[in-house]
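As a plain string of letters, each chain reads:
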Amino acid sequence: MKVHFISGALVLGVLVALPGLLAAQQEQSKDANEKKTPVQIFDGKSLEGWSGDSVYWSVADGAIVGQTTADEPLEHNTFLVWQGGEVGDFELELEIRIESGNSGIQVRSVAGDDHRVTGYQADIDAENRHTGIIYEEGGRGILVNRARHTTIDADGEKAESDEATCDEAALLESLNRDQWHQCRVVAEGSRLTYMINGFVTARLDDGETGKVRQTGVIALQLHTGPPMKVEFRNVRLSR
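Quick caveat, the model's predicted, so the values are computed rather than measured.

Asker: Can you walk me through the overall build of the protein in this structure?
Answerer: Each helix and strand counted, the protein has two helices and 17 strands in total. The long-range share in the protein, meaning contacts at least 24 apart out of those at least 6 apart in sequence, stands at 63%. Accessible surface, the protein: about 12,800 Å² in total, of which carbon and sulfur atoms supply 49%.

Rendered as structure tokens:
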């Protein structure tokens, strides 16, 4: 049998360093947990912390309601903007129910005058023509088609993956305008991922010089056109 001796100085050094190492690990773990804890950014009762045209935005039955009518048509797309400041890397979770029309979730966007917003949009519409795509409002238009992964290089050239990000037919079967749909948008670096009902509907890697944005505001959209109605609830943000 071999007996190994460890010097007392070495043992003492480890014992001295151990509390500091454990404290650092606990602090890192604490920071990671704090960043990943979802925070409700809609209180379910009012539009406190949000800014939009009160003609079109209200709260009913615990949900944000965006609605246009024949008597109050839109001259341009209008948005409800979260007033929590610009957000970089994050995960946004919310439930959406759309009765009619076209809507979307703006992320890493720029708020302008008259309740207008430009930037990345996770699209959804009642007819499911555009549901699941990633669009750029006021910019490059459709960036990622439904069920696809698109990479945009520094010169703006797009490369679309051959492999689908989800079963598109199954995704469409999961969509019903009478039901609430679980939506998630995840932003990490130059990548955006959009999910509906557990399906990855679109993924974007944007590297275009002068176009890619890695921070910006969060907002909800009402689109021009015939009267429409969309609802949002359980809006949670983690970062």
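Asker: Sorry if this is basic, but what is going on with the pattern of salt bridges here?
Answerer: If charged atoms from side chains of opposite charge come close, those side chains can pair. For the structure on display, the rule yields 11 salt bridges. With a closest N to O distance of 2.9 Å, Glu168 and Arg146 form a salt bridge. Of this pair, Glu168 sits in helix α2 (residues 168–173) while Arg146 is found in the loop between β10 (141–144) and β11 (148–152), placing the two residues 22 residues apart along the sequence. Each of the salt bridges in this network shares a partner with another, and the network as a whole consists of Glu136, Arg140, Asp206 and Glu208.

Asker: So what exactly am I meant to see when it comes to the sheet that holds strand β2 (residues 50–51) here?
Answerer: As a general point, the strands of a sheet are linked pairwise by backbone hydrogen bonds and lie either parallel or antiparallel. Across the sheet, seven strands lie side by side as β2-β5-β16-β7-β8-β9-β10; this open sheet has antiparallel pairing. Either end of the sheet is taken by a strand with one partner, and the two such strands are β2 and β10. Examined bridge by bridge, strand β5 (residues 78–82) and strand β16 (residues 217–222) share four bridges and lie antiparallel to one another. By the bridge assignment, Phe79 is partnered in β16 with Gln221.

Asker: How do you make sense of the side chain of His76 when you look at a structure like this?
Answerer: Structurally, His76 is set in the loop between β4 (63–67) and β5. Taking the relative accessible area as the measure of exposure, His76 reaches 16% and is therefore buried. Leave out the neighbours within four places in its chain, and His76 touches Asp114, Arg116 and Thr224.

Asker: Can you help me understand the pairing of strand β9 (residues 134–137) in this one?
Answerer: A regular strand places its side chains on the two faces of the sheet in alternate fashion. Bridging between strand β8 (residues 117–125) and β9 involves four bridges; their strand directions are antiparallel. Along β9, the bridge assignment pairs Tyr120 with Glu136. Sheet topology note: the β9/β10 ladder contains three bridges and is antiparallel. Each bridged residue has a counterpart across the sheet, and for Glu136 the counterpart in β10 is Gly141.

Asker: Help me out: how do you make sense of the nonpolar core in this one?
Answerer: The tendency in soluble globular proteins is for nonpolar side chains to be buried as a group. Counting residues in each nonpolar core, the largest one holds 46 residues, and the members touching the most others are Trp50, Leu92, Leu94, Ile105 and Tyr194. No other element matches the five residues that strand β6 (residues 90–100) contributes to this core. Non-local contacts of Ile105, meaning those with residues more than four positions away in its chain, are made with Leu92, Leu94, Ile96, Tyr120, Gln121, Ala122, Cys183, Val185 and Ala219. In this structure, Phe79, Val81, Val217 and Ala219 belong to the second largest nonpolar core, which totals five residues.

Asker: What exactly am I supposed to notice about the environment of Lys229 here?
Answerer: Here Lys229 shows up in strand β17 (residues 229–238). By relative accessible area, Lys229 is classed as partly exposed at 22%. Expressed as a C-alpha distance, the spacing of Lys229 and Ser103, which sit 126 residues apart in the sequence, is 9.0 Å. Discounting chain neighbours no more than four positions away, the residues touching Lys229 are Val65, Gly66, Gln67, Ile98, Glu99 and Ser100.

Asker: I tried to follow unusual backbone geometry on my own but got confused; where do I start?
Answerer: In most cases, non-glycine residues show a negative phi, while peptide bonds are predominantly trans. Residues other than glycine seldom take positive phi values, yet His115 does so here, at roughly 60°. Relative to the helices and strands, His115 is located in the loop between β7 (102–111) and β8. Given the relative accessible area of 26%, His115 is considered partly exposed. Located in the positive-phi region is Asn197, a residue other than glycine, with phi close to 50°. Examined against the element boundaries, Asn197 turns out to sit in the loop between β14 (191–196) and β15 (199–206).

Cut-offs and rules
- Residues numbered from 1 in each chain as written.
- Predicted model: local features only at pLDDT ≥ 70, side-chain atom pairs only at ≥ 80, totals over all residues.
- Heavy atoms only, no water.
- Helix = DSSP H or I, 4+ residues; strand = E, 2+ residues; numbered from the N terminus.
- Contact = heavy atoms within 4.5 Å.
- Areas by Shrake-Rupley, 256 points an atom, 1.4 Å probe, with all protein chains shown as cover.
- Salt bridge = Lys/Arg side-chain N within 4 Å of Asp/Glu carboxyl O.
- Pairing = 2+ DSSP bridges.
- Buried < 20%, exposed > 50% of the residue type's maximum accessible area, 1.4 Å probe, protein only.
- Core = buried A, V, L, I, M, F, W, Y, C linked by side-chain atoms within 4.5 Å.

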